[in-house]
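# Structural features, examined
The lines below spell out each chain.
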Amino acid sequence: MLTGKTALVTGSTSGIGLGIAKALAAQGANIVLNGFGDVDGPKAEVAALGVQVAYHGADMSKPAEIEDMIKFAAAQFGQLDILVNNAGIQHVAKIEAFPVDKWDAILAINLSSAFHATRLALPAMQASNDGKGWGRIINVASVHGLVGSAGKSAYVAAKHGIVGLTKVTALENATTGITCNAICPGWVLTPLVQKQVDARAAAEGISIDAATQELLGEKEPSKQFTTPEELGALAVFLCSPAGNNVRGVAWNMDGGWTAQ
Ligand code: NAD
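Described in the following lines is the structure provided in the data block. (Residues numbered from 1 in each chain as written. Predicted model: local features only at pLDDT ≥ 70, side-chain atom pairs only at ≥ 80, totals over all residues. Heavy atoms only, no water.)

## A few points about the overall build of the protein chain
Which entries qualify depends on this criterion: A run of H or I in DSSP counts as a helix once it spans at least four residues, and a run of E counts as a strand once it spans at least two, with each numbered from the N terminus. Radius of gyration: C-alpha atoms only; globule rule: 2.2 Å multiplied by the number of residues to the exponent 0.38. Type-normalised accessible area, obtained with a 1.4 Å probe on protein chains alone, sets the label of each residue: buried when under 20%, exposed when over 50%, and partly exposed for intermediate values. In what follows, residue pairs with any heavy atoms lying within 4.5 Å of each other are defined as contacts. Surface accessibility follows the Shrake-Rupley procedure with a 1.4 Å probe radius. Residue values consider only the protein chains on display as shielding. We score Asp and Glu as negative and Lys and Arg as positive, and we do not count His or the chain ends. Every charge is mapped to an atom, namely NZ of Lys, CZ of Arg, CG of Asp or CD of Glu.
For the protein chain, the helix and strand inventory stands at eight helices and seven strands. Taken over the C-alpha trace, the protein chain has a radius of gyration of 18 Å; the compact-globule value for 260 residues is 18 Å, and the two agree within 12%. Reported as C-alpha extents along the three principal axes, the dimensions of the protein chain are approximately 60 × 35 × 35 Å. The buried share of the protein chain, reckoned over its 260 residues, is 52%. Residue pairs at least 24 apart in sequence account for 67% of intrachain contacts in the protein chain once pairs closer than 6 positions are excluded. Surface summary for the protein chain: the accessible area is close to 11100 Å², and the carbon and sulfur share equals 57%. Of note, the protein chain has its 18 positive side-chain charges centred 6 Å away from the centre of its 22 negative side-chain charges.

Shown next, in the form of structure tokens:
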């Protein structure tokens with residue numbers, strides 16, 4: 001379904017980003033990966049799906065590096081059709097104790113990076129499809145784009161911000177073939193969440209299993225993690241022809257978290 005398209009997924013060396021990259025690759029899209037840590041493993045996982053894969057190591061807190069990555073992505077396979085703004089970090093502390101450098105980093109990586117990547121990717125998307133435009137922009141927000149949790153001021157502010165950015169991006173391109181939507185996961189067991197489980201286990205002197213059950217039980221009626229594969233399937237739907245008129249939504253996949 002996506003054969004011949006190129007997708008750039010930021011923060012895709014791990015977790016949700018890698019899951020979305022693999023789901024898009026399984027539909028035939030060529031993939032540009034980004035993120036820190038091991039690169040060869042994720043590249044091999046994507047290449048095994050029979051598509052072309054490239055990697056750019058832009059630090060998503062640095063606008064000049066994002067600009068370089070967008071140019072690189074377009075040059076790799078001809079045109080950037082799908083942009084998934086996924087890179088993100090977390091830090092948990094009360095507002096009065098929240099380190100200012102962590103606030104700045106979370107706003108830069110979880111919110112401003114999506115603005116920069118979007119503003120740089122849009123002109124080519126708008127010019128494509130004989131000037132009628134085609135593109136898919138998916139912002140990985142969070143349930144924290146819809147509701148708050150104590151201790152997560154920067155994250156909740158950034159995620160509410162990216163839901164707002166999603167709506168404006170969708171509206172400004174509403175008469176074109178470019179859609180923009182947000183995905184709002186509840187708990188997904190990635191390194192980002194494992195750190196929070198480990199911190200809870202250490203703080204309460206309980207096992208990792210018990211801390212995992214507490215974490216899920218507190219917020220998710222389903223008491224289940226959402227998986228990167230499930231989120232990848234939602235991204236594929238948003239990229240499909242059937243997703244053509246889904247514009248500016250914040251679609252939660254959260255085990256009932258925000259239904260309460
Ligand atoms: P993760 O830690 O597994 O992956 C984060 C990715 O972002 C990694 O590839 C990492 O290298 C990359 N990254 C971090 N800082 C970067 C930077 N400055 N520049 C470039 N890349 C950078 O985390 P995840 O859980 O897969 O999170 C992915 C996204 O999903 C984030 O935006 C996160 O807020 C969101 N999210 C996660 C959950 C969850 O429960 N895990 C829930 C809701 C939303």
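Having seen it, we continue.
## Quick notes on the pairing of strand 1 (residues 6-9)
For the record, the criterion: By this definition, two strands are paired if DSSP reports at least two bridges between them. By the criterion used throughout, a crossover qualifies as right-handed when its path from the first strand across the helix to the second strand runs clockwise, the strands pointing away from the viewer.
Covered by surrounding structure in strand 1 are T6 and L8 together with A7 and V9, the residues of both alternating faces. Both strand 1 and strand 2 (residues 30-34) contribute to a ladder of four bridges, which runs parallel. The residue bridging A7 from the neighbouring strand is I31, located in strand 2. Handedness of the crossover joining strand 1 and strand 2 through helix 1 (residues 15-26) is recorded here as right-handed.

## Digging into the packing of helix 4 (residues 100-127) against helix 5 (residues 153-172)
Heads up, the rule is: Axis lines are fitted to C-alpha atoms, over the contacting stretch for helices. Their N-to-C directions set the angle, which ranges from 0 to 180 degrees. Note on terminology: angles under 35 degrees are roughly parallel, angles over 145 are roughly antiparallel, angles of 65 to 115 are roughly perpendicular, and the others are oblique. Asp, Glu, Lys and Arg are counted as charged, while Ala, Val, Leu, Ile, Met, Phe, Trp, Tyr, Cys and Pro are counted as nonpolar; the rest, among them Gly, fall into the polar class.
Remark: helix 4 packs on helix 5, axes separated minimally by 8 Å, with the N-to-C direction vectors making an angle of 10 degrees. Between helix 4 and helix 5, the interaxial angle falls into the category roughly parallel. Mapping the contact onto sequence places W103, I106, L107, N110, L111, A114, F115 and T118 in helix 4 and S153, A154, Y155, A157, A158, K159, G161, I162, L165 and T169 in helix 5. Class assignment of the residues belonging to the contact of helix 4 with helix 5 gives a composition of 12 nonpolar, five polar and one charged.

## Concerning the site of the ligand
Convention followed: The rule for a residue being near a molecule or strand is that one of its heavy atoms must lie within 4 Å of it. Domain start and stop points were drawn from an automatic or database domain assignment.
Around the ligand lies a shell of 30 residues, among which S14, N86, Y155, V188 and T190 are the nearest. Burial of the ligand by the protein chains amounts to 93% of its free accessible area of 820 Å². Taken together, the elements giving at least two residues each to the shell around the ligand come down to helix 1, helix 5 and helix 6 (191-204). Here the residues of the shell around the ligand sort into 16 nonpolar, 12 polar and two charged. Both domains that furnish three or more residues to the shell around the ligand are identified here as domain 1 (6-187 + 226-255) and domain 2 (189-225).

Nothing here speaks to function; it is all geometry.
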